[in-house]
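Results of the structural survey
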Amino acid sequence: MEQNRLRLPAFLAKVGARLPEPFVSLHFVAGLEVARMMHWLNPPEELEGKVFLIRVEDLGVASRFRVVAGRFRPCMGQDEDLSLSACAADFLVMMQGEMDADTLFFQRRLRISGDTELGLVVKNWLDTEERPAWLRRLAGALLPG
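A brief report on the enclosed structure follows.

Definitions and cut-offs
- Residues numbered from 1 in each chain as written.
- Predicted model: local features only at pLDDT ≥ 70, side-chain atom pairs only at ≥ 80, totals over all residues.
- Heavy atoms only, no water.
- 1 Å grid on protein atoms, 1.4 Å probe; cavity = no way out; pocket = protein on both sides within 12 Å on 5 of 7 lines; lining within 4 Å.
- Points joined across faces, edges and corners; volume = space filled by probe spheres on them.
- Helix = DSSP H or I, 4+ residues; strand = E, 2+ residues; numbered from the N terminus.
- Nonpolar A, V, L, I, M, F, W, Y, C, P; charged D, E, K, R; others polar.
- Axes fitted to C-alpha atoms, helices over the stretch in contact; angles between N-to-C directions.
- Parallel < 35°, antiparallel > 145°, perpendicular 65-115°, else oblique.
- Left-handed = near helix turned anticlockwise from the far one by under 90°.
- Contact = heavy atoms within 4.5 Å.
- Salt bridge = Lys/Arg side-chain N within 4 Å of Asp/Glu carboxyl O.
- Buried < 20%, exposed > 50% of the residue type's maximum accessible area, 1.4 Å probe, protein only.

1. Description of the layout of surface pockets
The computed volume of the largest pocket comes to approximately 1300 Å³. Lining the largest pocket are 45 residues, with Phe28, Leu32, Leu41, Phe91 and Met95 positioned closest to its centre. For the lining of the largest pocket, the element with the highest residue contribution is helix 2 (residues 21-37), accounting for 8 residues. If you trace the second largest pocket, you find 18 residues lining it, with Phe105, Ile112, Gly119, Leu120 and Lys123 closest to the centre. Put simply, the parts of the chain that give the lining of the second largest pocket at least two residues each are strand 4 (82-86), helix 4 (101-106), strand 5 (111-114) and helix 5 (116-128). Among the elements that line the lining of the second largest pocket, the one with the most residues is helix 5, at 6 residues. Class assignment for the residues of the lining of the second largest pocket results in 11 nonpolar, 4 polar and 3 charged.

Here it is in structure tokens:
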């Protein structure tokens with residue numbers, strides 16, 4: 001399968017690389033919290049207290065957060081239990097439900113490091129979460145083709 005690629009202006013990666021991780025994390029976690037409050041994304045108990053790092057490689061941004069009392073919270077300067085790295089388009093196809101984490105991982109488009117058991121919990125959780133129709137449309141509108 002041909003890899004989806006977003007045509008991002010070069011300046012976005014330059015700007016992204018200059019954004020401090022705490023700034024990105026605050027905004028990313030705000031989005032996760034809205035999704036949680038709307039019952040679109042409910043973290044399983046196994047994520048409690050774990051620290052995650054999400055890196056969007058082509059944008060040069062990273063977000064570090066943890067799950068506390070079933071809620072997403074930004075955290076700074078802590079070692080992550082699990083790290084996920086991919087380009088923006090690959091995260092979008094996962095959000096859209098068009099491709100799962102296993103496929104992206106075995107195509108070497110999603111890099112996972114850290115606690116492998118936790119990685120399986122996250123993968124299974126995301127595979128079973130129902131995506132709202134608007135999220136599928138948004139992700140589809142951002143992807144070429």
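Now that the structure has been shown, we can carry on.
2. A short note on the packing of helix 3 (residues 88-96) against helix 6 (residues 133-142)
Helix 6 packs onto helix 3 with a crossing angle of 150° between their chain directions and a minimal axis gap of 8 Å. When the axes of helix 3 and helix 6 are compared, the pair comes out roughly antiparallel. Helix-helix and strand crossings are classified by hand; for helix 3 and helix 6 the assignment is left-handed. Across from Leu92, Met95 and Gln96 in helix 3, the residues of helix 6 making contact are Leu135, Arg136, Ala139, Gly140 and Leu142.

3. Observations concerning the pattern of salt bridges
Considering all chains together, one arrives at 8 salt bridges under this definition. With its nearest N and O atoms 2.5 Å apart, the salt bridge here joins Arg109 to Asp90. Of this pair, Arg109 sits in the loop between helix 4 and strand 5 while Asp90 sits in helix 3, and the two are 19 residues apart along the sequence. Comparing Arg109 with Asp90, the two get one shared label, buried. Of the charged contacts, one joins Lys123 and Asp102 as a salt bridge, the two residues approaching to 3.4 Å between their closest N and O atoms.

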